[in-house]
Amino acid sequence: TALLTLGRFPKALAMARALRAAGFRVLVADPFRWHLCRVSRAVSESFVVCSPNVSTERYLSDLANIVSEHRVKLVIPVSEESYFVSQLKPRIPQDVDVFAPQAKHYETLHHKLRFAEWAEQNNLTVPETHMLGSVRGTRLAALRDTVIKPVAGCSGIGVRVHKTGESLPASSGGAELIQAHISGQLVSTLSVVKSGQLLGSAMYQGSVFAGSVAICFDRVTIPESICQWIGNTVEAFEGYHGFLAFDFIIDQDNVPWAD
């Protein structure tokens, strides 16, 4: 039995169908009673759980109860809820596979400044990045175009482009960073990593956008430079387990910069 921890996205439906085809009984947990996967023949049963944004404790308790009562052996997070699902392991039997990275890995990847610093230490290409308001960040903004974004943002929310030499704006609230602006082709990757072994990667680019968020995609051939970048990341994150997703900007010299 496999448990998907979100059911309202098309990618959840794709996972449910693939799991069912592989012989799994598929369950879905979602804060919404009605969602895309609920009406699928690939899903045996759906459960309403507390939203992790409302109460992390209740959310994890709800998931743990489903795992226990229905003898779940594989838990797969689908989207942003993976941050919370990564905290589920201590609450469930040891033989249940939670397909999510360890908390220490997630904390490095999810915090954009911490990730940029980690990547530089491991010789991975990332744009120069500093905290907004820092001396080094102010100096960077005087020398080149930059991008201002939240340290833990997603979906392009709060991202602003700043032109060279312009006065830096005041923070919009919360921790923000300033990052060198890289021009080039924007692509995204998704990799599957099991216990430190890279099983495969795919690369795609947006074809239809809602604001800064791509809602339709075209799959494109992944270049060797990005394959190597991802492979080096997996190697540096010893024992990584779960999905691994990046946005890259490929510059005019074909160098991939993790954004």
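Note that the structure is a prediction, hence the values are computed from the model and not measured.

Reading the values: the criteria
- Residues numbered from 1 in each chain as written.
- Predicted model: local features only at pLDDT ≥ 70, side-chain atom pairs only at ≥ 80, totals over all residues.
- Heavy atoms only, no water.
- Pairing = 2+ DSSP bridges.
- Helix = DSSP H or I, 4+ residues; strand = E, 2+ residues; numbered from the N terminus.
- Contact = heavy atoms within 4.5 Å.
- Axes fitted to C-alpha atoms, helices over the stretch in contact; angles between N-to-C directions.
- Salt bridge = Lys/Arg side-chain N within 4 Å of Asp/Glu carboxyl O.
- Parallel < 35°, antiparallel > 145°, perpendicular 65-115°, else oblique.

Visitor: Break down the sheet that holds strand E2 (residues 26-30) for me, citing the residues and quoting the values.
Guide: On the basis of which strands lie adjacent, the open sheet formed by five strands has the order E3-E2-E1-E4-E5 and parallel pairing. Across the chains shown, the open sheet's two edge strands, defined by having one partner strand only, are strand E3 (45-48) and strand E5 (97-98). Where strand E4 (residues 74-76) lies against E5, two bridges are found, and the strand directions are parallel. Each residue of the ladder has a partner; that of Val75, found in E5, is Val98. The sheet strands contacting helix H1 (residues 10-21) are strand E1 (2-4), E2 and E4, and the helix crosses E1 at an angle near 175°.

Visitor: Tell me what's going on with the pattern of salt bridges, and back it up with residues and numbers.
Guide: Applying the stated rule across the entire model yields seven salt bridges. The partner of Arg25 in a salt bridge is Glu45, and the shortest N-O contact between them spans 3.7 Å. One end of the pair, Arg25, is in the loop between H1 and E2; the other, Glu45, is in strand E3, and 20 residues separate them in sequence.

Visitor: Run through the packing of helix H4 (residues 103-110) against helix H5 (residues 112-121), naming residues and quoting values.
Guide: Running from N to C, H4 and H5 cross one another at 100°; their axes reach a closest spacing of 5 Å. Comparing their axes, H5 and H4 come out roughly perpendicular. For the pair H4 and H5, contact is made by Glu107, Thr108, Leu109 and His110 and by Lys112, Arg114, Phe115 and Trp118, respectively.

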